[in-house]
Amino acid sequence: MLISGFLSHAAWSQSDPTGKRRITDTYAITNATIFASPGQPGTKATLLFREGVIIGMGPNLSLPKEAQLIAGDSLFIYPGFIDGASSAGITKPKDPERPKDFVSSNPPDEIAGITPWRSATDQFSITGNQVDDWRKAGFTISQVLPDGGMIPGKAAIMILGNSGSVNVIQENTALAANFSGARGMYPATAAGVIAKFRDVYQNTTLALDHSRLFASTAGVKRPEMTPTHTAMAAVVQGQIPVIFKAETELEARRAIALQKEFGFKLVLAGLDNYENVIDLIKSSGTAVLIKLQVPDDKAIKNQKSDSVTTATKAQYARVKEAYDKALKQASLLEKAGVPFGFSTLDAKPGDAMKALRTMIKNGLTEKTALAALTTNPATILGIGKTAGTIEKGKMANFVISTDSIFKEEAQIKHVVVDGYIFDYEVKKKSANGNGKTENGPAAITGQWDYTSQTPAGSSGGELIIAKNGVEYTGTITYTDPSGNGKVTAPIKNVSVSGKTLTFQFDVSAGGMSLTVDITGEITGNAMDGTMSVGQFGSFPLTAKLNSPSLSL
Amino acid sequence: MKKLNLILAALLGLGLNYSNAQTQKGNVLIKNATVLTVTKGNLENTDVLVQNGIIRQVGKNLSAPAGVETIDASGKYLMPGIIDAHSHVALDVVNEASSPITSEVRMKDVVNPFEIGIYRALAGGVTISHAMHGSANVVGGQNATLKHRWGAKDPSDIIMQDAPRTIKFALGENPTRVHGRGNGIQPRTRMGVEAVLRNGFNEAIQYKKGWETYNTAKGQKGNTKTPPVYNERLQTLADILDGKIIIHCHSYRADEIYMLINVAKDFGITKLVFQHTNEGFKVAPEIAQYTMGASVFADWWAYKMEVYYSTAFNAAILQRNGAITSINSDSAELIRHLYHEAAKTQRYGGLTDEEALAMITINPAKQLGIDDKVGSIEVGKQADLVIFEGHPLSSYTVPQMTFVDGVKYFDIKADPDDQRQFVSATEMVEPIFLHTHENHQCLQDVDAYFEAFQGAFIEEKH
């Protein structure tokens, strides 16, 4: 099923004690179909890059001897995707210890979540959570936001490159902000956060006035710039924007209202529900990074066609209408002429391409979809000179796929970041639909044993699948996250298409319910797949069918 | 042709909305109603003409100008839109309960125009509600006066922009429980509440002085004065002292009511309304003399210690002592039948029809500082109107149509089941929250258990 082994393009130098140094940093991808920028047709050409910089592109390039060649004949090359606002690789810093005289009505800024001096670079690790997942989805550059409270700190633009490199492109690119209050102290709610934001902003302005007066006039009392004021100065002076996390239209309006009040530069990140504020976004000139996700269709799929009342049917229709509208939002943003980018905050890496395809099916043009992944975020982030398109002199960041990128069949085979090549598995499609079906869908019913590998270690359990009419049902056992042995849960949305089995089950952990998605390829009695757990990432999973049901 | 006119009107209306960023204003002629003006008596078989959202004429045999819709209200009652002086409908956040004074917090920042409670209130004839901060703090946040323009997407379109600023205060058990018992800080007792108020106002005086000194100095040559720290909390208290904001104070006991009257007198504050005011009947003459009155429940008490000494005659006693008195809901449920709540003042206290109706119209309008604009049917006022089948104080009355600025937002004959403005794309059945607002700050102390228990079984009033 899988291509045997990886096609590895990195040959390792033998004199390097770590054995990791590349033998060359010059590569040529020959005779590939290159889509240099959104809207441009693909052209057959060879792409040459060295030390992470594109040094040539064309049909008849003369290639240097040291260039390692990658045959690109069947490959499609796109500019590397850029993530406008991300939490990939970010680990939340520990909460500082509360002082002895702590009063929850007037907490120190650091404890109340007001930490504009913090930098995302201090919280970022290239080997951290989800970096590889997003890279695998084609993302080469991310503006990462620090984790924290209402003003967690400054964002940084990172290249999702080699783990041995320093991967910062630019620090202090924006001030991250959101409407989440502090727990059990002031400001605890969105109303308190907005009031506190005004306070912080106004007092930074005044502290700067004070400092200017002190610098120019004798006899003025010494200014006392707090770390908050010092770190907010770049926003007040218009050097960097505030990147407000705003999922809903009301949050977007609240952020834009603050922007109008104070005049800072504003970027909205993570917009999920924004149809009604498109005009406002446009008229206010706000830059937007919409969430790279579409709503799940569970509520739609669970609608029953019979034995429901008229009233229920009417409610179904409204949910369906809301769902259809939500899918169309991106295309409406395009029609309004707003050059938006994407944010991966709270989105799932494994569903990114599917989300894009859904948006395209609902009216977004492929050109704009690609622009939202490349040139638009490059402009919003101010890195358009070096990133966003495939051009001589720009960074060697590419997404290389087996087909035109938005096609359902397309698979990402390589992602080039900073001139480093990352290889990914390409699965051969079963010949379904070509008249040559491989004996119908795989047999999946029966009792399976599975093993999964997560950062917490190896774990496993039993999976039972039965066929009930045309539907599959079953149960799965898993290790209880709260440490109480094994738990059995029903599985749902079981589907088998060709050799691919997918299903879901819900885990409740710490009062939260998480949906676990399992996808696997079946070969005989074995399944090789992945388990993706909400936003926590994807993990390998293997399973073996011990006692196939006799009924099939 | 009629259809075409409607389409044109809709287009023109929309056009106006976009170009002027104004809220919609309607034109309508309501014919042959029994008009309960509240301030100018009852008028039989009378017509009310509304143009551009304003009541233009009240009289007999009025004819509709071209393009103005006529509604026949024969046999029906027309009264001013009901005003609820105490509500938390359409707020995403009610309590910033984290500090004894949070006057810098603004409810206008967290208005949610999609909340279904607005429509339900319209169905009960309520056109204006006072969306208040909660009662966890001695000085809570600044409130928002809302006009129930259902269907608006921009929160600022349901905020009554021409209403004066108001702010929430709270005395007694709530602030002492949350801050004193819950957090071990002042106020732990009613004495502490008074201290928080006096200290707050005294600081505000200093604050204001600091800025005045700086503002005078800063333009002068060789100035060395530096700007004081900006503090909207104190600035807001200073604005109260300057008479720019009306205080609406959660209160129950007579002693604490009288305490706040004294504090107000000491600081020269005259714009003061008491909310709940269950023991208001004991200090009714004082309330009448020194304040803008009291906004009370018709008959709700005994849900905590400080609310046991209560009577359903409270509103009538306050009213007959000359205090401006209104009946409020403080509840997304009661707001749907405030006319019924007002009628209880006739059963308990024998108020006249006009007095009872004033409790939910002109009196709350006075307390919100908007009585020059709404609260009665008078030429020149904003056309917030309700048509009732049956007298609104009758037990059998049913609201038929509700207008805000002459625009019909509720019509019992055109009332589809699903009135939601916002439907989730991912929820099959939207979660229903029985308790949309509570003033609980945290769940770490014993109170939380008490409150959780109480919250589970009865709806707590503020």
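Draft legend 1. Spatial organisation of the interface of chain A and chain B. Across the boundary between the two partners, chain A contributes 43 residues, which contact 45 residues of chain B. The contact between chain A and chain B buries some 3,400 Å² in all, and 60% of this surface belongs to carbon and sulfur atoms. Between the two partners, chain A and chain B, sit four salt bridges. Of the charged contacts in the structure, one is a salt bridge between Asp109 of chain B and Arg198 of chain A, with a shortest N-O distance of 2.8 Å. Across the contact surface, chain A and chain B share 13 residue pairs in polar contact (both at pLDDT 80 or more). Elements with a minimum of two residues in the side of chain A that touches chain B: α3 (190-216), α5 (249-262) and α8 (310-335) of chain A. Sort the elements by how many residues they give to the side of chain A that touches chain B and α3 of chain A lands first, with 12 residues.

Draft legend 2. Region of interest: the side chain of Asn178 of chain A. All names here are of chain A. Of note, Asn178 is situated in the loop between β11 (175-177) and α3. A distance of 3.1 Å separates a polar atom in the side chain of Asn178 from the backbone oxygen of Gly149. Among the polar contacts listed, one links the side chain of Asn178 to the side chain of Ser180, at a separation of 2.7 Å. If sequence neighbours within four positions are ignored, Asn178 has contacts with Gly149, Met150, Pro152, Val193, Phe244 and Lys245.

Draft legend 3. Broad picture of the domain arrangement of chain B. Residue and element names in this part refer to chain B. Split by domain assignment, chain B resolves into domain 1 (1-80 + 375-414) and domain 2 (82-374 + 430-450). Taken over C-alpha atoms, the centre of domain 1 sits 30 Å from the centre of domain 2. Counting the surface lost from both domain 1 and domain 2, the interface buries some 2,400 Å², and carbon and sulfur atoms represent 62% of this. For the pair domain 1 and domain 2, the number of links is three salt bridges. For the side of domain 1 that touches domain 2, the secondary-structure elements that each account for two or more residues are β5 (77-80), β15 (385-389), β16 (398-404) and β17 (407-411). The dominant element in the side of domain 1 that touches domain 2, judged by the number of residues it contributes, is β16, at four residues.

Draft legend 4. Structural view of the confidence of the model for chain A. For chain A, per-residue confidence averages 90 on the pLDDT scale, and residues scoring 70 or more make up 92% of the total. Contacts for the low-pLDDT stretch residues 431-438 of chain A, under 50 throughout, to residues beyond four places or in other chains number eight contacts.

Draft legend 5. Structural view of the nonpolar core. Grouped together as the largest cluster of nonpolar side chains are 196 residues, with contacts concentrated most on Phe244 and Leu268 of chain A. If near-sequence neighbours (up to four positions away) are discounted, Leu268 of chain A is found in contact with Phe244, Ala246, Ala252, Ala255, Ile256, Thr286, Ala287, Val288 and Leu289 of chain A.

Parameters at a glance
- Residues numbered from 1 in each chain as written.
- Chains lettered and ligands numbered in written order.
- Predicted model: local features only at pLDDT ≥ 70, side-chain atom pairs only at ≥ 80, totals over all residues.
- Heavy atoms only, no water.
- Contact = heavy atoms within 4.5 Å.
- Buried area = accessible area lost by both parts, 1.4 Å probe.
- Salt bridge = Lys/Arg side-chain N within 4 Å of Asp/Glu carboxyl O.
- Polar contact = N/O pair within 3.5 Å; in protein donor to acceptor, adjacent residues only side chain to side chain.
- Helix = DSSP H or I, 4+ residues; strand = E, 2+ residues; numbered from the N terminus.
- Domains from an automatic or database assignment.
- pLDDT = per-residue confidence, 0-100.
- Core = buried A, V, L, I, M, F, W, Y, C linked by side-chain atoms within 4.5 Å.
- Buried < 20%, exposed > 50% of the residue type's maximum accessible area, 1.4 Å probe, protein only.

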